[in-house]
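Remarks on the overall topology
Spelled out, the chains give:
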Amino acid sequence: MESPAKGTDNGNYSGTVLFNVLSKERALRWRLAWYYAVAFLLLWVALFYAVVLPLFHRLPDRVTIAQESDMPGEFVAERAQNMLYQFDRIGPKVVGSVANEVTAVAFLVDAVQNIRRDMRHDLYELEVDVQEPAGAFTIGTMTSMYQGIHNVVVKLSSKSSQSDSYLLLNSHFDSKPSSPGAGDDGTMVVVMLEVLRQMAISETPFEHPIVFLFNGAEENPLQGSHGFITQHKWAANCKAVINLEVAGSGGRELLFQSGPNHPWLMQYYKTHAKHPFATTMAEEIFQFGMLPSDTDFRIFRDFGQVPGLDMAQINNGYVYHTAFDDFAAVPGRSVQSTGDNVLSLVRAFANASEMHNTEEHSKGHSVFFDFLGLFFVCYTETTGIILNCVVAVFSLVLVGVSLWRMARVSEVTAGQMSIWFAIILGLHVVGFLLCLGLPLLMAVMFDAGDRSLTYFSNNWLVIGLYICPAVIGLVLPLTLYYTLKPNEQLSHSYHLLLSLHAHCVILAILSIVLTAIGLRIPYLCMISLVFYAAALLINLLSCLHDGGYYWVLTVQTLQLMPFVYFCYLFYTFLVVFFPMMGRNRDAINPDVLIAVICALGTFFALGFVSPLINMFRWSTLVLLGLGVVTFIFSMIAVSEVGFPYRPKTSVMRVNFLHTRRIFYEYDGAVSVNDSGYYFDYQDRRALRPLHDSSVNLSGLTAAESHCDEYVVCGMPCFWSSWCRALSSAAWLPREAEVVPPGSLELELSDKSVVGGRGRTLRYTFALAGPPHMSLFIRPLAGVVIDDWSFIRNMLDEPEKYSAPYQIYFSHGTAGAPITFHIDFATSVADAPIFELGVVGHFVSSDYPRDADSRKFVAQFPDFVHVMEWPALFKRYIY
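Just so it is clear, the model here is predicted, and its values are computed rather than measured.

Quick notes on the overall build of the protein
Of the regular secondary structure elements, the protein holds 22 helices and 23 strands. Each principal axis of the C-alpha atoms in the protein carries an extent, and together these give about 110 × 75 × 55 Å. When the 878 residues of the protein are sorted by exposure, 59% land in the buried category. Considering only residue pairs separated by 6 or more positions, the protein has 82% of its internal contacts joining residues 24 or more positions apart. Of the roughly 33500 Å² of accessible surface on the protein, a fraction of 60% belongs to carbon and sulfur atoms. For the protein, the distance from the average site of its 57 positive side-chain charges to the average site of its 77 negative ones is 5 Å.

Section: the environment of Ala595
Its location among the elements puts Ala595 in helix H18 (residues 590-606). For Ala595, a relative accessible area of 1% translates into the label buried. What Ala595 contacts, discounting residues up to four positions off in sequence, is Pro439, Leu440, Ala443 and Tyr466.

Let's talk about the sheet that holds strand S14 (residues 701-702)
In space, the 10 strands of this open sheet follow the order S2-S3-S20-S18-S22-S23-S12-S13-S15-S14, with mixed pairing throughout. In the strand order of this sheet, the two ends are held by strand S2 (135-139) and S14, each with one partner. Pairing of strand S18 (residues 772-779) with strand S20 (residues 805-811) involves 6 bridges; the strand directions are antiparallel. In the strand pairing of S20, Leu775 is matched with Ile807. Set on the sheet, helix H6 (residues 223-231) makes contact with S2, strand S3 (142-147) and S20; between it and S3 the angle comes to about 75°.

Focus on the pairing of S3
Counting buried residues in S3 gives 5 out of 6 residues, a clear majority hidden from the surface. Bridge analysis of S2 against S3 gives 5 bridges, and the strand direction is antiparallel. In the strand pairing of S3, Gly135 is matched with Tyr146. Between S2 and S3, which pair antiparallel one after the other, the connecting turn spans 2 residues, and Gly140 there sits at a positive phi close to 65°. Pairing analysis gives 6 bridges linking S3 to S20, with the strands arranged parallel. The residue of S20 that forms the bridge with Gln147 is His811.

So, the confidence of the model for the protein
For the protein, the mean per-residue pLDDT works out to 93, and 96% of the residues sit at or above 70. This model gives residues 1-28 a pLDDT under 50, and the stretch forms 9 contacts once residues within four places in sequence are excluded.

Quick look at the side chain of Glu245
Looking at the secondary structure, you find Glu245 in strand S7 (residues 238-246). For Glu245, which is buried and forms no salt bridge, the nearest opposite charge comes from Arg583, at a distance of 9.6 Å. Within polar-contact distance, the side chain of Glu245 engages the side chain of His172 at 3.1 Å. Discounting residues that sit within four places of it in the chain, Glu245 has contacts with His172, Asp184, Asp185, Met188, Glu218, Thr295, Met311, Ala312 and Gln313.

A look at the nonpolar core
Formed by 137 residues in total, the largest nonpolar core has its most connected members in Tyr466, Tyr523, Tyr565, Ile594, Phe679 and Phe860. For this core, the element with the highest residue contribution is helix H17 (residues 560-580), accounting for 16 residues. When sequence neighbours within four positions are dropped, the list of residues in contact with Ile594 reads Tyr455, Val462, Tyr466, Leu574, Phe577, Phe578 and Met581. Among the nonpolar cores identified, the runner-up in size contains 68 residues, and Met188, Trp264, Ala273 and Val342 belong to it.

The rules behind each value
- Residues numbered from 1 in each chain as written.
- Predicted model: local features only at pLDDT ≥ 70, side-chain atom pairs only at ≥ 80, totals over all residues.
- Heavy atoms only, no water.
- Helix = DSSP H or I, 4+ residues; strand = E, 2+ residues; numbered from the N terminus.
- Buried < 20%, exposed > 50% of the residue type's maximum accessible area, 1.4 Å probe, protein only.
- Contact = heavy atoms within 4.5 Å.
- Areas by Shrake-Rupley, 256 points an atom, 1.4 Å probe, with all protein chains shown as cover.
- Lys, Arg positive; Asp, Glu negative; His and termini not counted.
- Charge placed at Lys NZ, Arg CZ, Asp CG, Glu CD.
- Pairing = 2+ DSSP bridges.
- Axes fitted to C-alpha atoms, helices over the stretch in contact; angles between N-to-C directions.
- pLDDT = per-residue confidence, 0-100.
- Salt bridge = Lys/Arg side-chain N within 4 Å of Asp/Glu carboxyl O.
- Polar contact = N/O pair within 3.5 Å; in protein donor to acceptor, adjacent residues only side chain to side chain.
- Core = buried A, V, L, I, M, F, W, Y, C linked by side-chain atoms within 4.5 Å.

Structural data, given as structure tokens:
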């Protein structure tokens, strides 16, 4: 009785196997040969190199002085470069140095006087003011105080103008230690000078006066702009600002912040920028705080409520804040490109009717982007919300119509088709997760093996390390499904179309959700959906939808534009972030961010392309081939090719201070009197690449080990960003005493009881020292700071600020000693009240380094750029 049943089961099983084999063979016959897949993928790679890269790096020809007479009113890059050469020869311009406070100021005043000599005196008035502001504000987690810094402020106005609304242009002339700052921000300084010249010699007067602010303390940070916008006589009249920065050296300037809430600014940019380069995505990334930097734009916005545009050149960020940011690193055509844009925008804003009352036009944000620099798209946030939702819904409707059409042609029920599509959609969601997950896995594995930053010098390595795994992840679930579970009731071409529909549905959902939470970046989803919906509509209205693989031609033809745009967009972010990962400190794995950028770029650029790998026979072999590419690139990455640093072009950054420490106890006794080097790690590899070099790092210890014992771990951290990163710091003892090149004197001038309630002790001090100093105040147990002579921001927001409190002082021109007092509420009598750290930073080259320090610096290999200076740290307990 059992044998027939078993025979029947075996027969059914054999039939099923045969059916599956025949189904696979039939499906394979309708696919293209596997080797065409290689050509298919290489086509898109070629499109990137043939179209995207040339347009990304496209720059206008430089206008020379000899051509000026034939091109009146044009920005003349050669003259700007001549000024940049002179600016570069000044050398590093650190706040408080002779180079910054005397030589650079004289250079700017002379340049303006030369312009005054050539200007149209019958049409314009030019005023120059060298401002020396003093002030204080809270930035990061510190209070920043300044005095005697220098701003060179120039106002150009038409004699016929009756307007009291000014346009503000800003750049800064100070630089980081050891960097001449030809790019950051010398390029923008000379661009502003040439714009000033062109406006001053123009035969066409403009309506609104223009203020050119050459601020002398941006790197300090942001003190010069604060001194202007809070104190200068012209500041209150400034109604819009164009802030000019450089985050590298060369290339086009990226508009990465606008407004806020002034969409008319972007409309003017759209109309008048000759070489548009901007994206809402950059604005949202910057405002989310993902970049380890800030600009003067924030000061104008927060302290002056001045809307405007924030633009920065982004190419070659490897030289940013290094000795290699010199005249030779700044291409003339890049100066021309920025000059063309700035001059055109200044002319437009200087005649804008909106400038009379900018608040009337403060209505929402803008969505904006350029398409490969060829044209610019801009619309209001409200329009963006409508577009995102309408396009998403329309795309979903078209997908529904297509599913109904496929069910009807295939003679299956709508329910069956819905189930099959749900399976495909679920697999595509898994593919999306793998598209992100596999590159992240690569990033984690390389970091675990101490091989992070392998792409730092050889950027092309990301193709194999992250992009190929992203493609594999995106396609793999569907490939396995088509291979292991073929569906004879649905043609293979329909299966492929379902996979593209699944991508469309995911984009539509993302577009609606991200729009609902108030983001503007869903314009990316909208762009992708527009072109896919257009292709789908064409296919539905024609016979292509049901004509085998012919619908692929329409879809892929219309995917050309979104593909090149998304490649252009995400390549822009890679250009920004590649060098930035070399100064992102060591606490976070930088490869994770690069992997995410590559994965998202792959998802958007190839989301409607990569599933078509399944159009070819043996698609699993194609994915295996991509895996082999990943393996080969991985082997290359762990070889010498993957060593991150190169001399001059992509250096390793090492920041350290030659430090003398003297720590006094409550009874006045000296408990610590030593010397050493305080290292502030700049990238993920810390100092490990130096272990095989001639640099003697024996005795190096983590700064964190002293945090419980001393205020700020006993380290002379510079700004709040340094202090927050003490987990990324180290101390290297030194036998020879560091000889500070100057003095640092703290005098307790008075101690008294103040206030009518409780016991409040006031300590009054006088502080004198170098142009850069810091106080670190840490009350001991049971003691609270009741008041002090500094601004109260940190005391009034205890949920945001906590001890130790940092007060940072800087001065351009030395003045009298700084006097201040601190009031402590305490019930303790005749016992320690607080710990006070005082640090003097002898930053500029005006202060000589001792012989041992110079010898130590010379030990570093040529792929290292060192930023260093002497520091004196005194710790007191009162």
